[in-house]
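Commentary on secondary and tertiary structure
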Amino acid sequence: MNKRNLFRILLLSSFLMFFFSGFSTSIKDNKTNTKSNNLNSSLLVVPTITSQPPATLDVCAGEAISLSVTATGNGPLSYQWRKDGADIAGETSNTFSISNSTASDAGDYQCVVTDDDGVTTSATTSVSVNSLPIVAIGGNLIICEDQTTTLTATGAIDYDWGSGFTNEASFFVENLSASSTFTVIGKNLAGCTTSASVTVEVSPVPTASVTTSNGSVCSGSNAQFIFSGNPGDVVTYKLNSGSDTSITLNNSGEFSVSIPNVSSNQTVDLVKVNNTNCETLLSTSETVIVEPIPLQPSVVSPVSYCEGDTTTALTASGTDLKWYIASTSGSPLSQAPTPNSSNTGTF
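Presented here is an overview of the structure given in this document. The model shown is predicted, which means the values in this text are computed figures rather than measured ones.

Calculation rules
Residues numbered from 1 in each chain as written. Predicted model: local features only at pLDDT ≥ 70, side-chain atom pairs only at ≥ 80, totals over all residues. Heavy atoms only, no water. Core = buried A, V, L, I, M, F, W, Y, C linked by side-chain atoms within 4.5 Å. Buried < 20%, exposed > 50% of the residue type's maximum accessible area, 1.4 Å probe, protein only. Helix = DSSP H or I, 4+ residues; strand = E, 2+ residues; numbered from the N terminus. Contact = heavy atoms within 4.5 Å. Disulfide = S-S within 2.5 Å. Phe/Tyr/Trp six-rings, centres within 6.5 Å; stacked < 30°, edge-to-face > 60°.

**Concerning the nonpolar core**
- With 19 residues, the main nonpolar core has Phe-225, Phe-227, Val-235, Tyr-237, Val-268 and Leu-270 as its most contacted residues.
- Contributions of two or more residues to this core are made by strand S19 (208-212), strand S21 (223-229), strand S22 (234-239), strand S24 (254-259), strand S25 (266-274) and strand S27 (285-291).
- Discounting chain neighbours no more than four positions away, the residues touching Phe-227 are Ser-209, Val-210, Val-235, Tyr-237, Ile-247, Leu-249, Gly-253, Glu-254, Phe-255, Val-257, Val-268 and Leu-270.
- Judged by nonpolar contacts, the second largest core, of 17 residues, contains Tyr-159, Trp-161, Leu-176 and Val-202.

**Comments concerning the state of the cysteines**
- Applying the stated criterion across every chain, the model contains two disulfides.
- Bridging Cys-144 to Cys-278, the disulfide has an S-S length of 1.8 Å. Measuring the twist about the S-S bond at about -120°, one finds the Cys-144-Cys-278 disulfide to be left-handed. Of this pair, Cys-144 sits in strand S12 (residues 142-144) while Cys-278 sits in the loop between S25 and strand S26 (279-281); the two residues are 134 residues apart in sequence, bridging distant segments of the chain. The residues Cys-144 and Cys-278 share a single accessibility class, namely buried.
- If one numbers only the bonded cysteines of the protein chain, in the order they occur, the disulfide pattern is 1-3, 2-4.

**Let's talk about the packing of aromatic side chains**
- Applying the stated criterion across every chain yields a total of five aromatic pairs.
- Taken together, a centroid distance of 5.9 Å and an interplanar angle of 35° make the contact between Trp-81 and Phe-96 tilted. Placement of Trp-81 in strand S5 (residues 78-83) and of Phe-96 in strand S7 (residues 95-98) is noted, with a sequence separation of 15 residues between them. Across the pair, Phe-96 and Trp-81 agree in class, each one buried.
- Centre to centre, the rings of Phe-171 and Phe-182 are 5.9 Å apart; their planes meet at 50°, and the pair counts as tilted.

Everything listed here is a matter of geometry and, on its own, says nothing about what the molecule does.
As structure tokens, then:
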């Protein structure tokens, strides 16, 4: 081998040794960097949500919506609640609530939790806000004392009149002596409830009577009837079996009817009495007796004697006679007088 070839071999060997030495160093550096990267990656702690909100939440309108999360992580945790993918302004704690829900609050809710190393999003809660039933009560809301009525509720599927929910919409009311308020709670298919109330007004049962101011009168006088009851009530009556006549009692609860120049008995029959809401049928009556004017009596016994004659008690024709000492005053005598023949007298 000549010197030139030996030099070439030595030069090639040196080059190969240098090349492989650098390659080995590069591999070692790469291994070191990889190990460092793996170590840094293992130190990152993104938030972990340990308590998730429910998958679904159904509420009735007006009820509260309440959601919460519990999380751990590296460093301080921050929270941001979202609805339908959009941030909810001001909702940056681990709890979210709406005190009085409406239909517009329905949607999908999530909470985004952030720490120093990253972000974690909670499970989605689908919130439904169910409408309330519109409950109403119908029926006869004005009754008379001791009458009955039936109240009927509408707008729901189950009703509670005070004894628990059933599908019975009607409620029977009886034996009321004063106005009373009744309440029903209605429940719809979603289980939401609302109530309605009505007042049943109880009107007093009207009564009326009739009297006479003069039980009997002489023919040609006036017969007077006085009707009594509650002020404002309307009394219907018949006079001598004639047609119906109605009168309204005054503020004192009375009304007077006078029949002039009567010549025969006058009878009033009460037919009925009404107030604003109630009616009572009547069957009472009152009669004014009309007495005929008696004929003028005449004395039939002697009215003149001689002085000293024997006299007897005076007699006269007529009925129900009463004798008086004077013609214009005094009280009636207990019996017919006997004249004194010693002087004159007027009887």
